[in-house]
Amino acid sequence: MSSSTLQKRRSQLTKGRLPGYAVWVVLGAAVVLAAAVSALVGFNVFAWAVLAAVFFVLGATLVTAAAEGSRKAADSLMTYLVYGSFVIALLPLLSVIWTVLERGLPGLSYDFLFTSMNGVTGAVDNASVENGTPVLGGAYHAIVGTLQITFWATLVSVPIGLLAAVYLVEYGKGGALDRAITFFVDVMTGIPSIVAGLFAAALFALVFGPGTRTGFVASVALSVLMIPVVVRSTEEMLRIVPNELREASYALGVRKWRTILKVVVPTAISGIASGVTLAIARVVGETAPILVTAGFASSINLNVFQGWMSTLPTFIYYQILTPTSPTNIDPSTQRAWAAALILIIMVMLLNVVARLIARAFAPRTSR
Amino acid sequence: MSKRIDVKDLNVYYSKFLAVENVNISIEARSVTAFIGPSGCGKSTFLRTLNRMHEVIPGARVEGEVLLDGDDLYDSAVDPVTVRGQIGMVFQRPNPFPTMSIRDNVLAGVKLNNKRISRSDADDLVEKSLSGANLWNEVKDRLGRPGSGLSGGQQQRLCIARAIAVSPQVILMDEPCSALDPISTLAIEDLINELKADYTVVIVTHNMQQAARVSDRTAFFNIAGTGMPGNLIEYADTTTIFNNPVQKSTEDYVSGRFG
């Protein structure tokens with residue numbers, strides 16, 4: 001932008017073009033004007049920012065229209081609208097991360113990570129508030145529960161989803177069964193998560209008697225939510241494997257199932273792995289299905305097949321809705337935010353893992 | 001280790017559409033046979049019926065007999081996998097496996113079938129196959145690198161090495177040079193001439209000079225019109241097809257006058 005100002009003589013080719021600093025002049029003017037206008041109605045930062053943005057887009061468009069013509073004006077208008085939409089889309093994300101960091105970090109400590117809520121009562125919270133001592137109790141049981149339930153949900157849904165996708169892509173011939181599976185997978189994608197929870201609860205009530213609530217029931221509920229996502233993403237990844245590779249393998253006298261196992265799936269594995277990881281990230285934050293299937297626990301339970309279990313989302317839910325000490329809710333709120341921070345970190349780690357897996361498995365094309 | 005192919009009254013269908021009609025042809029062992037003809041006349045379709053690759057496409061089927069040294073490929077008891085192990089194929093576009101190194105690509109036919117092979121045997125097989133495909137000197141120092149990093153001509157020769165590594169009786173080539181430059185094409189043509197000593201080679205080509213250069217016998221396919229089945233018009237020694245064809249349409253095609 002500044003290169004034009006360095007030139008001694010203005011090039012004939014840049015005649016009729018605005019100099020690079022014009023956009024900054026317009027921006028400064030818009031900021032000042034917006035400050036003035038918002039001061040008239042009672043100054044606040046939000047109104048100032050919005051007004052400044054509106055003035056800037058209008059001003060920049062008008063200035064460009066006057067100096068460079070309508071085509072350039074339309075171009076700059078659209079450019080600023082696109083950038084503006086990007087910023088607006090980014091704001092909630094940044095806001096969420098900021099809020100969770102701000103409120104969660106104070107509660108995040110070694111004790112919080114490695115103790116449970118066992119024995120932490122309202123009296124304990126009251127005492128810590130009155131004496132100003134650190135908040136006791138932690139989310140260890142919920143972290144363990146989240147990891148265990150998600151692990152078992154993944155273990156159930158990945159083979160089913162993977163094999164269903166392999167069937168659809170490699171063996172299905174567009175018949176009635178194919179179309180039925182595709183249709184029901186689409187329907188399952190839209191199932192509300194509480195319905196999946198009720199389904200799992202009802203299924204286990206039928207088999208093991210009413211009131212069966214364990215971590216594994218929650219895993220089944222989550223896998224109902226995960227399977228369609230895994231099927232869909234795997235199916236798409238398998239479909240983009242070039243047919244030439246399958247034919248090359250067949251032409252070497254390799255059987256179909258070996259071709260799928262050793263050529264098709266490895267070629268698509270990076271996409272499949274990141275699809276699976278994103279499916280995990282999608283269900284790790286589910287609350288409703290956990291509540292109706294795994295119940296709620298405040299002590300550590302390492303056995304998914306027996307006893308109630310907590311996960312981070314249900315931990316947050318209970319800490320906010322029924323604070324441990326009804327008179328001093330601050331310790332509970334702090335614990336809830338800290339748990340929310342851990343949950344977000346988990347999801348972010350999963351996304352990073354998905355990218356690493358995608359990179360590690362990607363077909364090698366370097367020359 | 002090469003076998004002859006005899007085709008009797010072969011009709012090839014895509015679902016209900018008759019793509020190639022009534023082909024009778026005998027392909028000698030240890031020879032190069034070229035299929036020429038206009039696009040869409042069924043040369044590639046017919047070539048794919050010779051190792052049962054045709055039926056990979058849903059709805060595709062054949063009627064008639066294809067005899068490999070007298071054994072019918074389409075007998076109901078025959079496993080297509082056995083057929084493809086004996087009759088290898090090289091495709092129009094080079095298609096090395098992107099997840100495998102050069103070495104693994106050559107060994108693909110062995111490894112994908114989970115056959116056990118000692119390391120020294122594998123090394124020998126890799127060197128022999130790559131040498132057979134005239135590629136050894138170019139890649140011997142980078143066998144562990146991905147096959148997709150080679151140039152197009154090298155990739156195609158890698159695919160040929162991969163095909164001969166499973167020691168087939170017959171090698172089918174579906175326009176193997178159509179995506180390559182003249183120098184790579186020359187390398188492949190030289191290779192075909194060498195392969196003739198050990199294998200039966202069948203090649204589909206759009207390049208008539210190529211057919212004239214490499215093949216012993218040439219088959220001309222033609223199609224009467226859109227939606228009509230392709231036919232084998234004439235099959236004779238290459239010199240006869242190009243210099244003294246019996247059929248008028250063959251003469252028109254090889255001399256560039258048609259329509």
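- Under an unreviewed UniProt entry, chain B has the name Phosphate ABC transporter ATP-binding protein and belongs to Arthrobacter echini.

- Chain A is annotated in an unreviewed UniProt entry as Phosphate transport system permease protein PstA of Arthrobacter echini.
- Here is the UniProt Sequence similarities (unreviewed entry) comment for chain A, exactly as written: "Belongs to the binding-protein-dependent transport system permease family. CysTW subfamily."
- UniProt annotates chain A under Function (unreviewed entry) with the comment "Part of the binding-protein-dependent transport system for phosphate; probably responsible for the translocation of the substrate across the membrane."

## What to know about the overall build of chain B
Line of reasoning, step 1. A tally of helices and strands in chain B yields 11 helices and 10 strands.
Line of reasoning, step 2. For 259 residues, the compact-globule estimate of 2.2 N^0.38 gives 18 Å, and chain B sits close to it at 18 Å.
Line of reasoning, step 3. Its C-alpha atoms give chain B principal-axis dimensions of roughly 55 × 45 × 30 Å.
Line of reasoning, step 4. Looking at chain B as a whole, 49% of its 259 residues are labelled buried.

## With respect to the UniProt feature "domain: ABC transporter" (unreviewed entry) in chain B
Line of reasoning, step 1. Per the UniProt entry, the sites bearing "domain: ABC transporter" (unreviewed entry) are residues 5-248 of chain B in this numbering.
Line of reasoning, step 2. In this annotation, residues 5-248 of chain B is assigned 34% helix and 27% strand; the end-to-end C-alpha distance for the span is 27 Å.

## Concerning the UniProt feature "transmembrane region" (unreviewed entry) in chain A
Line of reasoning, step 1. Per the UniProt record, the feature "transmembrane region" (unreviewed entry) sits at residues 21-40, 46-68, 80-101, 149-169, 181-208, 214-231, 263-284 and 336-358 of chain A.
Line of reasoning, step 2. Taken end to end, residues 214-231 of chain A comprises 94% helix and 0% strand; its first and last C-alpha atoms sit 26 Å apart.

## Structural notes on the sheet that holds strand β9 (residues 217-223) of chain B
All names here are of chain B.
Line of reasoning, step 1. Pairing in this open sheet of 10 strands is mixed, and the strands run β5-β4-β1-β2-β10-β9-β3-β8-β7-β6 from one edge to the other. Whereas interior strands pair on both sides, the edge strands pair on one side only; in this sheet they are β5 (71-72) and β6 (87-90).
Line of reasoning, step 2. Of the pairings in the sheet, the one linking strand β3 (residues 32-36) to β9 comprises four bridges and is parallel in character. Its bridge partner lying in β9, Phe-35 is registered against Ala-219.

## Re the domain arrangement of chain A
Residue and element names in this part refer to chain A.
Line of reasoning, step 1. On domain assignment, one finds that chain A holds domain 1 (15-106) and domain 2 (140-361).
Line of reasoning, step 2. Placing the centre of domain 1 and that of domain 2 at their C-alpha centroids yields a distance of 41 Å.
Line of reasoning, step 3. Across the boundary between the two partners, domain 1 contributes six residues, which contact six residues of domain 2.

## Some details on helix α14 (residues 312-321) of chain A
Residue and element names in this part refer to chain A.
Line of reasoning, step 1. Most of α14 is tucked away, with seven of its 10 residues classed as buried.
Line of reasoning, step 2. What α14 keeps buried is the set Leu-312, Pro-313, Thr-314, Phe-315, Ile-316, Tyr-318 and Gln-319.
Line of reasoning, step 3. Where α14 is buried, its residues touch α7 (140-171), α13 (288-294) and α15 (330-361).

## Looking at the interface of chain B and chain A
Line of reasoning, step 1. In this assembly, 24 residues from chain B lie in contact with 22 residues from chain A.
Line of reasoning, step 2. Counting only elements with at least two residues in the side of chain B that touches chain A, the list comes to α2 (80-86), β6 and α4 (108-111) of chain B.
Line of reasoning, step 3. The element best represented in the side of chain B that touches chain A is α2(B), accounting for three residues.
Line of reasoning, step 4. Split by residue class, the side of chain B that touches chain A holds 12 nonpolar, nine polar and three charged.

## Observations concerning unusual backbone geometry
All names here are of chain B.
Line of reasoning, step 1. Its identity as a non-glycine residue notwithstanding, Asp-9 has a phi of 45°, on the positive side.
Line of reasoning, step 2. Secondary-structure assignment places Asp-9 in strand β1 (residues 5-14).
Line of reasoning, step 3. Its 11 C-beta neighbours within 10 Å are what place Asp-9 among the exposed residues.
Line of reasoning, step 4. Phi angles above zero are rare outside glycine, and Arg-30 is one such case at about 50°.
Line of reasoning, step 5. Along the chain, Arg-30 turns up in the loop between β2 (17-27) and β3.

Calculation criteria
Residues numbered from 1 in each chain as written. Chains lettered and ligands numbered in written order. Predicted model: local features only at pLDDT ≥ 70, side-chain atom pairs only at ≥ 80, totals over all residues. UniProt positions renumbered as here; feature names shortened; annotations may be inferred. Helix = DSSP H or I, 4+ residues; strand = E, 2+ residues; numbered from the N terminus. Rg over C-alpha atoms; globule rule 2.2 N^0.38 Å. Buried ≥ 20, exposed ≤ 12 C-beta atoms within 10 Å, placed from the backbone. Pairing = 2+ DSSP bridges. Domains from an automatic or database assignment. Contact = placed C-beta atoms within 7 Å. Nonpolar A, V, L, I, M, F, W, Y, C, P; charged D, E, K, R; others polar.

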